Amino acid sequence: MRKLVMIGNGMAGVRTIEEILKQSPEQFEITIFGQEPYPNYNRIKLSNILQGDTNFDEIIINPLDWYKENNIQLFTGETVANIDVEAKRVISNQGREVDYDELIIATGSNSFILPIPGADKKGVTGFRDIQDCEMIIKSAEQYKKAVVIGGGLLGLEAARGLLNLGMKVDVVHLMPHLMERQLDPIASSLLRAELESQGMNFLMEKETVEILGDERVTGLRFKDGSEVEADLVVMAIGIKSNTAVAKNSGIYVNRGIVVNDFMETSVPNVYAVGECAEHREIVYGFVAPLYEQGKVLAERICGGEAKPYAGSVTGTQLKVAGVDLFSAGEIFEDGSTKSIMIYNEYEGIYKRVLTRNNLIVGIVLYGDTKDSTKLFRMLTKKEDISGVSIFQTECSGSGASDDIASMPNDELVCGCNGVTKGAIVEAIQTQGLTTLDQVSHCTNAGRSCGRCKPMVSSILAHTLGDQFDSAAAQKTSICSCTTISREELVAEIKAKGLTSVKEVMNVLEWNNEEGCTKCRPAINYYLGMIHMDEYKDDRDSRLVNEKMHANIQKDGTYSVVPRMYGGVTTAADLKKIAEVAEKYNVPLVKLTGGQRIGLFGVKKEDLPAMWEELDMPSGYAYGKTLRTVKTCVGAQFCRYGTQDSMALGIELEKKFERLDTPHKVKMGVSACPRNCSEAGIKDIGFVGIDGGWEIYVAGNGGVDLRPGDLLCTVKTQAEVMKMTGAYLQYYRETANYLERTSKWVERVGLDHVKEVLADEETRKALNERMNQTLKKYIEPWNEAIQNEEIQDKYYAQHTIKVGE
Ligand SMILES: Cc1cc2nc3c(=O)[nH]c(=O)nc-3n(C[C@H](O)[C@H](O)[C@H](O)COP(=O)(O)OP(=O)(O)OC[C@H]3O[C@@H](n4cnc5c(N)ncnc54)[C@H](O)[C@@H]3O)c2cc1C
Ligand SMILES: NC(=O)c1ccc[n+]([C@@H]2O[C@H](COP(=O)([O-])OP(=O)(O)OC[C@H]3O[C@@H](n4cnc5c(N)ncnc54)[C@H](O)[C@@H]3O)[C@@H](O)[C@H]2O)c1
Ligand code: SF4
Ligand code: FES
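Conventions adopted
- Residues numbered from 1 in each chain as written.
- Chains lettered and ligands numbered in written order.
- Predicted model: local features only at pLDDT ≥ 70, side-chain atom pairs only at ≥ 80, totals over all residues.
- Heavy atoms only, no water.
- UniProt positions renumbered as here; feature names shortened; annotations may be inferred.
- Helix = DSSP H or I, 4+ residues; strand = E, 2+ residues; numbered from the N terminus.
- Buried < 20%, exposed > 50% of the residue type's maximum accessible area, 1.4 Å probe, protein only.
- Areas by Shrake-Rupley, 256 points an atom, 1.4 Å probe, with all protein chains shown as cover.
- Near = heavy atom within 4 Å.
- Polar contact = N/O pair within 3.5 Å; in protein donor to acceptor, adjacent residues only side chain to side chain.
- Nonpolar A, V, L, I, M, F, W, Y, C, P; charged D, E, K, R; others polar.
- Axes fitted to C-alpha atoms, helices over the stretch in contact; angles between N-to-C directions.
- Parallel < 35°, antiparallel > 145°, perpendicular 65-115°, else oblique.
- Left-handed = near helix turned anticlockwise from the far one by under 90°.
- Contact = heavy atoms within 4.5 Å.
- Phe/Tyr/Trp six-rings, centres within 6.5 Å; stacked < 30°, edge-to-face > 60°.
- Lys NZ or Arg CZ within 6 Å of the ring centre and 35° of its normal.
- Pairing = 2+ DSSP bridges.
- Domains from an automatic or database assignment.
- Salt bridge = Lys/Arg side-chain N within 4 Å of Asp/Glu carboxyl O.

The name recorded for the chain in an unreviewed UniProt entry is Nitrite reductase [NAD(P)H] large subunit, from Neobacillus vireti LMG 21834. According to the UniProt record, the Pathway (unreviewed entry) comment for the chain is "Nitrogen metabolism; nitrate reduction (assimilation)." The UniProt entry for the chain carries the following comment under Sequence similarities (unreviewed entry): "Belongs to the nitrite and sulfite reductase 4Fe-4S domain family."

Put into structure tokens, the structure is as follows:
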């Protein structure tokens, strides 16, 4: 038997050994040295451990029994210090000598630690292995103030973990944008806004020059002279290949250990794979390319006909709950590229595909990554895009089963392990697989970051044919975290008495424990709608603008739009607005389409003080709730007016403000059919006539322009209020989250709505539930002013200047 020795017991190396065992189980006597005192574990999941989603036992990929079963001699906690390439022998730090016929170096990387004064103080660490992870968790029990240096993938995942551990977190980033290597400025600012709303504070364009403190870190100093406090510092500013043992042994090393297309180093019978290897001047830092390298190396070493490794295009995702992003290929335009772009600022969805000569060369998706697998296939396979529709038109979760059926067999499902839909289907069909674990075991899909598991489950369900419930196939699931539809969710919440977002996801077995930006706000809404007054709103499950109670702008600043009931204001309020605008240097003061005044370009940390000085309620210009009630001057001043439109508008706005609704709701009140308030294109519009009011519903003046339909005519203002309450409550109880009234009425039918509301008892019951719900709302700006915890969590800026 030939002797195969491997230095490094990490993800890329052990995967290579797995491939070798698959191809040629009897050929080698295998010895592995691992510096860390553990069997091979899933390094990717260290982020999940920090975030509290999993524990150390669950991340072991190959338990000690696996090594035994495969006759692998494993020396853990032992470092190879030297390679005698002449004698073909490795020597460990414990003096152990083992001869080899073939040697694989798979030593991975180390965290890059800034070479600055103080970097060796207690409380300063990288984030690379179990030991780092344990140290961070332990520190969080004792200390409260963490700084992460580096706003890349690792830094942001670590920062999320630190927040979950109850620490305050500042992220120090060198560049003007987060994840600048993967995201363009728009996607990056959407990401920043989401993470800020989760509680992270960003110190951008800051270069750390010193770590302060005596024995233990107490803070950081930046090049501009400012400082920040810290009792834990996590450096996440990149990695450097672990090449020491190769270099000392005369193997050619550049940034990494230089290999050819078969992972061969400059020395015969010595190979390198993983993050320690440099192939065509690239060192990869994701598992997908490393596993590809492992496959090629396994074929080469086993003597098969290895296809040369030609390099990889990698796709990136961030493992932070509430963030849905994907990036691959080129990010920035040049003279030869063209962009295809969708930007729905309101929903926080941004998609940009960069093309050159009809080929996709770059992808950035934020907020909705449904298209990622298809686009990534088109990019990697260099498919011509002429005449092809690039994005799916439906933005919210379409049926998982429909998606699977239309997915081509060569589409990549598991990016980490390079597994296509076709390979999964074939494995299920030929090997009689029935569980996700079996599919993972057989195909490797889902064995690394785990993000593809919901998709693998859907493919499993779809492929299992006769066991597959065709009714379930038709239904539209809330999102890809579950196969449950809106109706099922609402029924389950009621039947099982579920009371929190977390509980819903646990009990109803969500595929993804943390949910996503589609399901979390929806569950929060349905819980609030069902439990009326007693539900405690889960602010962190809301969409970013609602979480902040301000609308995030393109450049990361916010807008402040105070309430002006019925579009009516006073000289005193106007003075306050002018003073605040002046004091805070507000760049834009603008009259909005909803008859009020917006202050645009406000800094996050100025929000609470401005609200306090304004002393006006929030206009909810950002919420899924009643936005504005636009009124005409009406009978009080206009000679055509037959009714008091301003009085009705103000009463409506005062009654229904803050109400959570499936989507935004706008109203208009005109005192005669000339309709100066454009009530005909509002969700609910009221038009004064002689002796009463006409009520129009389901109008829309936005993207899906639609005139309202006449719901009914009533005589008095009191009747208007009752009918509106009943109508709104029926919409709240039966619409899908994020369904505008215009779409809802088209779906359920105007006649049906009329029929329901024609019954007096039903109207009464709906109004009772509405009134019970309305009781719970409190004014959010005032709450923020009164509550330091809220200010600190959502609006604080933690940097301090020297001498402050
Ligand atoms: C927190 C975190 C999250 C990540 N998330 C993702 C993700 O979501 N997706 C993704 O694709 N990638 C992710 N990565 C990167 C991914 O984990 C790495 O690309 C992968 O682990 C590299 O595998 P490797 O085998 O080359 O190196 P490693 O896994 O680092 O293994 C190398 C091993 O060799 C040992 N070793 C080194 N020198 C010696 C020696 N002289 N003698 C004996 N043993 C030695 C080391 O101790 C180590 O155990 C993440 C990384 C981290 C740290
Ligand atoms: N979800 C994932 O795929 C995932 C998650 C974690 C880690 N990883 C991998 O782990 C490795 C390490 O990740 P990483 O984020 O540390 O590396 P990185 O190189 O991807 O990002 C480092 C970031 O730190 C910034 N930076 C550099 N010097 C700085 C300084 N002095 N001060 C402040 N910021 C500075 C850079 O601008 C960059 O954005 C990478 O290979 C990464 O791919 C991947
Ligand atoms: S809608 Fe009629 S009442 Fe109102 S301002 Fe216009 S014309 Fe006058
Ligand atoms: S995509 Fe990461 S395990 Fe499948």
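K.L.:
Would you mind going over the overall build of the chain in detail, with residue names and values included?
P.N.:
Counting its regular elements, the chain contains 27 helices and 36 strands. The buried share of the chain, reckoned over its 804 residues, is 55%. Counting only carbon and sulfur atoms, one obtains 49% of the accessible surface of the chain, whose full area is about 34,400 Å².

K.L.:
I'd love a proper account of the site of ligand 2, names of residues and values included.
P.N.:
Taken together, 21 residues sit near ligand 2, with Glu 157, Glu 180, Arg 181, Gly 238 and Gln 317 positioned nearest. The side chain of Glu 180 places a nitrogen or oxygen atom 2.7 Å from an oxygen atom of ligand 2. Separating an oxygen atom of ligand 2 from a backbone N or O atom of Gly 238 is a distance of 2.9 Å. In isolation ligand 2 offers 850 Å² of accessible surface; the protein chains occlude 85% of this area. Ranked by residues supplied to the shell around ligand 2, first place goes to helix H5 (residues 153–164) with three residues. Its residues assigned to classes, the shell around ligand 2 comprises 11 nonpolar, six polar and four charged.

K.L.:
Could you give an account of the packing of helix H15 (residues 486–496) against helix H17 (residues 519–531), naming the residues involved and the relevant values?
P.N.:
Where H15 meets H17, the closest approach of the two axes is 10 Å, and the angle between their N-to-C directions is 50°. With respect to each other, H15 and H17 are oriented oblique. The element H15 and its partner H17 pack so that their crossing is right-handed. Across the interface between the two elements, Arg 486, Leu 489, Val 490, Ile 493 and Lys 494 from H15 touch Ile 523, Tyr 526, Leu 527, Met 529, Ile 530 and His 531 from H17. Here the residues of the contact of H15 with H17 are counted per class, giving eight nonpolar, one polar and two charged.

K.L.:
Which residues make up the packing of aromatic side chains, and what are the values?
P.N.:
In this structure the tally under the stated criterion is 15 aromatic pairs. Taking the centre distance of 5.9 Å and the plane angle of 65° together, the rings of Tyr 730 and Trp 744 count as edge-to-face. In this pair, Tyr 730 is assigned in helix H22 (residues 717–734) and Trp 744 in helix H23 (residues 741–748), connecting sequence segments 14 residues apart. A connected cluster of aromatic rings, assembled from ring pairs, spans Trp 611, Trp 781, Tyr 794 and Tyr 795. Sitting above the plane of the Tyr 291 ring, Arg 15 keeps its charged end 3.8 Å from the centroid. A cation over a ring is seen here: Arg 216 above Tyr 143, with NZ or CZ 3.8 Å from the ring centre.

K.L.:
Which residues make up helix H11 (residues 421–431), and what are the values?
P.N.:
Listed in full, the buried residues belonging to H11 are Lys 421, Gly 422, Ile 424, Val 425, Ala 427 and Ile 428. Backbone geometry just downstream of H11 places Gly 432 in the positive-phi region, at approximately 60°.

K.L.:
Talk me through the sheet that holds strand E16 (residues 232–235); I want residue IDs and the actual numbers.
P.N.:
Pairing in this open sheet of five strands is parallel, and the strands run E9-E16-E10-E11-E12 from one edge to the other. Among the strands making up the open sheet, the edge pair consists of strand E9 (124–125) and strand E12 (201–203). Sheet topology places strand E11 (residues 168–172) next to E12; three bridges connect them, and they run parallel. Counted as the bridge partner of Val 172 is Leu 203 from E12.

K.L.:
So what's going on with the environment of Ile 523? Which residues, and what values?
P.N.:
With respect to the secondary-structure elements, Ile 523 resides in helix H17. Residue class for Ile 523 comes out buried when judged on its relative accessible area of 0%. Linking Ile 523 and Leu 489, residues 34 residues apart in sequence, is a C-alpha distance of 8.2 Å. Look past the residues within four positions of Ile 523 in its chain and what remains in contact with it is Leu 489, Val 501, Val 504, Met 505 and Trp 510.

K.L.:
Can you break down the site of ligand 1 residue by residue, with the values?
P.N.:
In the vicinity of ligand 1 lie 32 residues, with Glu 36, Arg 43, Arg 128, Glu 275 and Lys 319 positioned nearest. For ligand 1, an oxygen atom lies 2.8 Å from a polar atom in the backbone of Ala 12. Within the backbone of Val 80, an N or O atom sits 3.0 Å from a nitrogen atom of ligand 1. Breaking the shell around ligand 1 down by element, the ones donating at least two residues are helix H1 (11–23), strand E2 (28–34), helix H2 (46–50) and helix H8 (287–302). Tallying contributions element by element places H1 first for the shell around ligand 1, with three residues. A class-by-class count of the residues in the shell around ligand 1 yields 13 nonpolar, 13 polar and six charged. Two domains each provide a minimum of three residues to the shell around ligand 1, namely domain 1 (2–109 + 241–301) and domain 2 (124–237).

K.L.:
Help me get a handle on the pairing of strand E31 (residues 597–602), residues and values and all.
P.N.:
Bridge count for strand E29 (residues 558–560) against E31 is three bridges, and the pairing is antiparallel. In the strand pairing of E31, Ser 559 is matched with Phe 600. By the bridge criterion, four bridges tie strand E30 (residues 588–591) to E31 in an arrangement that is antiparallel. Each bridged residue has a counterpart across the sheet, and for Leu 591 the counterpart in E31 is Ile 597. Linking two consecutive strands that pair antiparallel, namely E30 and E31, is a turn of five residues; a positive phi of about 60° is found at Gln 595 within it.

K.L.:
Run through the environment of Thr 355, naming residues and quoting values.
P.N.:
Looking at the secondary structure, you find Thr 355 in strand E24 (residues 349–356). Placed 19 residues apart in sequence, Thr 355 and Ser 336 show a C-alpha to C-alpha distance of 8.6 Å. Not counting residues within four places of it along the chain, the set of residues in contact with Thr 355 comprises Ser 336, Thr 337, Lys 338, Ile 340, Ile 360, Val 361 and Ile 385.

K.L.:
Can you explain the pattern of salt bridges? Please cite residues and give values.
P.N.:
Evaluated as defined, the whole model comprises 48 salt bridges. Arg 447 is the salt-bridge partner of Glu 18, the closest N and O atoms lying 3.0 Å from each other. Here the residue Glu 18 occupies a position in helix H1, and Arg 447 occupies one in the loop between helix H12 (436–443) and helix H13 (453–463), the gap between them amounting to 429 residues. Taking the relative accessible area as the measure of exposure, Glu 18 reaches 14% and is therefore buried. Across the salt bridge formed by Arg 280 and Asp 261, the nearest N and O atoms sit 2.9 Å from each other. Taken together, the residues span a long stretch of sequence, with Arg 280 in the loop between strand E20 (277–279) and H8 and Asp 261 in the loop between strand E18 (257–259) and strand E19 (270–272) at a distance of 19 residues. Three or more residues are tied together by salt bridges with common partners; here these are Lys 351, Asp 368, Lys 370 and Asp 371.

K.L.:
Any chance you could break down the pairing of strand E4 (residues 80–84) for me, citing the residues and the numbers?
P.N.:
Here E4 pairs with strand E5 (residues 89–92) via four bridges, running antiparallel. Considered in E5, the bridge of Val 80 is made with Ser 92. Count of turn residues in the E4/E5 antiparallel hairpin: four residues, of which Lys 88 carries a positive phi of about 55°.

K.L.:
Go over the packing of helix H24 (residues 750–758) against helix H25 (residues 760–774), please, and point to the residues and values.
P.N.:
Where H24 contacts H25, the two axes come as close as 5 Å, and the packing angle between them is 90°. Viewed along their axes, H24 and H25 adopt a mutual orientation that is roughly perpendicular. Contacts from Val 756, Leu 757 and Ala 758 of H24 reach H25 at Glu 760, Thr 762, Arg 763 and Leu 766. Looking at the contact of H24 with H25 residue by residue, the class counts come to four nonpolar, one polar and two charged.

K.L.:
So, unusual backbone geometry: which residues are in play, and what are the values?
P.N.:
The backbone of Glu 281 sits at a positive phi, close to 70°, despite the residue not being glycine. Note on placement: Glu 281 falls in the loop between E20 and H8. Although it is not a glycine, Met 532 adopts a positive phi angle of roughly 40°. The topology assignment puts Met 532 in the loop between H17 and helix H18 (544–548).

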